[in-house]
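Below are the chains, spelled out letter by letter.
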Amino acid sequence: MARKTLGIAAALGLVLAGGVTLNQGIAALTGQIVVARLLGAPGALTFGTADIDAAHGLVTFHDVRLTDGSLHVYARRLTLCSDAQARQGGLLKVADQPQSGAGSATASDVTITTEANTYLVKKIDLTGTSLGNGDLTALLDPKSPETLETRLKKINAASVVVSGITSDKTTADGTVHAEIAQLQLADVANGRIGTAKATGFSLSGLGVKAAGAVKMGPIEASGLDLALLNHVLDSRRLDEAEPLKPLAETLTIHDVSLTNSANHNVATIATITEKGLKARPLKTDFKALQAAEKSDAADDDEAKAARSKAVAEDVLSSFEASSFAIEKVAFATTDENSPVKGRIGAIAFDGYKNRKFGNLAVHDVVLDAPRVKASVAALDLVGFYIPALDKPANGESTNDLTTDHLPSAAKADLNGLVVDIDTPGDDGTVSELKFNIAHIGSTSDSLPGQQPVQGTVTVDQLTFDLPGGDRAAAKELLAMGYKKLNISAAIASKFDQGDETLTIKRFNVNGIGLGSLTLAIDLVNVNRGIFSSNPSIAKASALAVLLKHVDLTVENTGLFDKSLALKANQNGKSVAEERRAEEDFFAVELPEAAGNDPALKSVGAAVAKFIAAPKNLHISVTAKDGLGVTDISLLGNPAAILSRLEIHAEANQ
């Protein structure tokens with residue numbers, strides 16, 4: 001039971017909703033234990049005095065004590081009644097088998113002591129149980145040959161109300177105090193709760209220096225399986241293939257607050273809702289994990305990272321949910337030296353199973369820090385998949401992981417990104433980077449755990465002010481009259497691992513008042529090693545890649561004209577004079593320098609035509625045998641390079 005109370009904080013971090021159902025199970029089980037043992041273990045039961053009201057069928061015991069092994073229970077007052085009771089000589093006799101739904105019991109000021117912890121309960125009321133006292137005692141007897149899960153499935157009651165539950169646990173950092181004001185359970189049948197409601201839940205004294213605290217408003221649940229809850233929380237999974245089973249139908253938590261006075265952190269959540277939760281016990285041995293953490297060298301980050309990945313993998317594979325949502329999250333660090341605050345309108349997902357989400361959405365995100373301000377209107381992911389974290393594929397080491405081991409999504413959309421960053425310079429000045437992106441989107445046909453085959457990425461309306469300073473590109477654009485840029489881009493690609501080909505079907509960049517560039521590329525000898533995070537593997541794979549085809553289209557909507565005017569001004573010429581000089585260079589001088597190769601002459605003529613009337617230019621280059629990195633040495637011999645290429649060029653078509 002101590003483990004259940006103290007496990008709330010850990011469960012809250014993994015599946016926050018689970019931490020609440022945990023406490024509902026605690027209180028239900030506490031009530032059953034108290035009443036069952038007080039009624040069904042007369043040999044271990046003593047009391048001070050008893051008041052009997054034969055007229056109303058009531059008996060009240062005072063100063064009730066029960067001792068059974070490590071379990072010690074004390075109740076200041078215990079009142080029992082039953083419509084099925086038979087009155088004999090004015091004395092009350094509790095029947096062993098009361099009528100269905102007729103039995104009731106009340107206990108006040110109950111103290112339950114175990115080897116690990118002490119629990120104080122102000123009052124417990126049970127009504128409408130179909131079980132006899134002997135049945136309850138047998139179900140909750142720790143010496144029973146049946147498993148606790150099997151016994152819990154036999155519990156039946158119309159109502160269980162537990163008030164004033166508190167527990168204190170001493171740790172190395174202080175005292176962990178847990179409290180639930182009231183817990184109401186209804187329609188408990190075969191160990192499964194029809195509905196449950198808890199109010200006044202709080203935890204304090206958590207974490208380092210006992211500085212952490214958690215509070216929650218009303219908590220409501222339905223279809224909670226007590227037996228499975230006990231199994232999930234109190235067991236370690238030994239069977240790797242143990243199936244997940246339904247744990248709760250619905251769960252809603254209101255008004256959550258988390259604080260840490262040591263690091264000045266505070267967070268609040270308006271509501272948490274969950275539907276269709278399935279679960280199984282974790283396989284992680286936390287005692288062994290803690291021992292390993294203590295034995296680690298201070299700088300042994302790799303071992304710590306490996307264990308963290310293993311625990312994360314365990315958690316991700318040990319629950320499923322049909323839907324989950326967190327609404328109106330606010331957080332802040334109140335440290336005056338580095339205050340940070342932010343909010344999240346909603347985080348929601350549906351269809352989570354085996355590390356894959358049907359849909360995952362995050363909306364209305366705002367971050368406000370001293371030098372960074374950012375916001376996102378919406379992030380929506382479809383088919384979001386988190387690959388296995390603790391087992392590299394094909395015997396690779398952690399350093400050899402490829403994109404197979406990165407999260408992926410069949411479709412992703414990010415809308416309304418705004419970023420404003422101030423960067424202080426060594427000279428005391430502050431440079432500002434501010435940009436907006438209307439939309440970033442991507443699609444992929446990749447299957448979970450497999451290399452993406454084909455996909456698209458788009459960036460719509462990246463808008464930013466041109467920075468001042470000594471940056472050459474920015475200075476030239478400012479000189480052309482541009483103060484702000486609005487750029488969009490898109491790429492569509494296909495990778496065939498079997499044929500080892502990578503096709504950039506379309507790469508496009510365009511800007512308002514600038515123009516556009518569209519590129520298509522075909523590469524061969526592209527093996528999956530090029531995507532490796534291991535530099536040696538990636539470099540060796542890149543050296544083998546060959547370029548087979550390039551197709552380039554340029555369209556002008558203002559940038560070329562302004563660039564030509566700027567160059568003319570720098571050279572002390574008129575725009576017409578600068579234009580004729582550029583035409584002559586491409587149409588005559590460049591081909592002559594390369595021996596008047598016919599292919600190069602056709603390219604020069606097309607470029608000259610574009611310069612004369614800059615509308616559009618198209619150039620297509622094909623290398624029959626492919627060109628690789630090693631062919632760079634041929635750049636000093638243009639004729640050798642040109643002999644391996646087929647070139648086509650045209651302008652203003």
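Each value, and the rule that gives it
- Residues numbered from 1 in each chain as written.
- Predicted model: local features only at pLDDT ≥ 70, side-chain atom pairs only at ≥ 80, totals over all residues.
- Heavy atoms only, no water.
- Helix = DSSP H or I, 4+ residues; strand = E, 2+ residues; numbered from the N terminus.
- Buried < 20%, exposed > 50% of the residue type's maximum accessible area, 1.4 Å probe, protein only.
- Contact = heavy atoms within 4.5 Å.
- Areas by Shrake-Rupley, 256 points an atom, 1.4 Å probe, with all protein chains shown as cover.
- Phe/Tyr/Trp six-rings, centres within 6.5 Å; stacked < 30°, edge-to-face > 60°.
- Lys NZ or Arg CZ within 6 Å of the ring centre and 35° of its normal.
- Pairing = 2+ DSSP bridges.
- Axes fitted to C-alpha atoms, helices over the stretch in contact; angles between N-to-C directions.
- Parallel < 35°, antiparallel > 145°, perpendicular 65-115°, else oblique.
- Nonpolar A, V, L, I, M, F, W, Y, C, P; charged D, E, K, R; others polar.
- Salt bridge = Lys/Arg side-chain N within 4 Å of Asp/Glu carboxyl O.

1. A closer look at the overall build of the protein
- For the protein, the count of helices and strands is 14 helices and 28 strands.
- Within the protein, the fraction of its 653 residues that count as buried is 38%.
- Contacts in the protein between residues at least 24 apart in sequence constitute 60% of all its contacts with a sequence separation of at least 6.
- Here the protein has roughly 33,000 Å² of accessible surface; of this, 56% comes from carbon and sulfur atoms.

2. What about the packing of aromatic side chains?
- Scanning all chains against the criterion turns up eight aromatic pairs.
- Pairing Phe585 with Phe586 gives two aromatic rings, centres 5.1 Å apart and planes at 85°, and the pair type is edge-to-face.
- By relative accessible area, which is 22% here, Phe586 ends up partly exposed.
- By the ring-pair criterion, three or more aromatic residues cluster together here, those being Phe319, Phe324, Phe349, Tyr352, Phe357 and Phe384.
- In this structure, Lys562 packs its charged tip against the face of Tyr482, placed 4.3 Å from the ring centre.

3. Some points on the pairing of strand 25 (residues 515–524)
- Alignment of strand 24 (residues 501–511) against strand 25, held across nine bridges, turns out to be antiparallel. What sits directly across from Phe507, in strand 25, is Leu519.
- Remark: three residues form the turn of the hairpin made by strand 24 and strand 25, two consecutive strands paired antiparallel; Gly513 in that turn has positive phi of roughly 75°.
- In terms of strand pairing, strand 25 meets strand 26 (residues 546–556) through 10 bridges, oriented antiparallel. By the bridge assignment, Ile521 is partnered in strand 26 with Val550.

4. A few points about the packing of helix 12 (residues 575–593) against helix 13 (residues 598–612)
- In the contact formed by helix 12 and helix 13, the axes pass within 8 Å of each other and the chain directions differ by 175°. Accordingly, the angle class assigned to the pair helix 12 and helix 13 is roughly antiparallel. Only Leu600, Lys601, Gly604, Ala605, Val607, Ala608, Ile611 and Ala612 of helix 13 make contact with helix 12, whose side of the interface consists of Arg579, Glu582, Glu583, Phe586, Ala587, Leu590 and Pro591.
- Per-class residue counts for the contact of helix 12 with helix 13 are 10 nonpolar, one polar and four charged.

5. Topic: the pattern of salt bridges
- For the coordinates displayed, the defined rule picks out 10 salt bridges.
- Across the pair Glu313 and Arg355 runs a salt bridge whose closest N-O atoms are separated by 2.8 Å. On the criterion of sequence distance, the pair formed by Glu313 in helix 8 (residues 301–316) and Arg355 in the loop between strand 17 (340–352) and strand 18 (356–368) is long-range, its members being 42 residues apart.
- For Lys567, the salt bridge is made with Glu582, and the minimal N-O distance between the two is 2.7 Å. Of this pair, Lys567 sits in helix 11 (residues 559–571) while Glu582 sits in helix 12; the two residues are 15 residues apart in sequence, bridging distant segments of the chain.

6. A short note on the environment of Thr111
- Mapping Thr111 onto the fold places it in strand 7 (residues 103–113).
- Linking Thr111 and Thr166, residues 55 residues apart in sequence, is a C-alpha distance of 9.9 Å.

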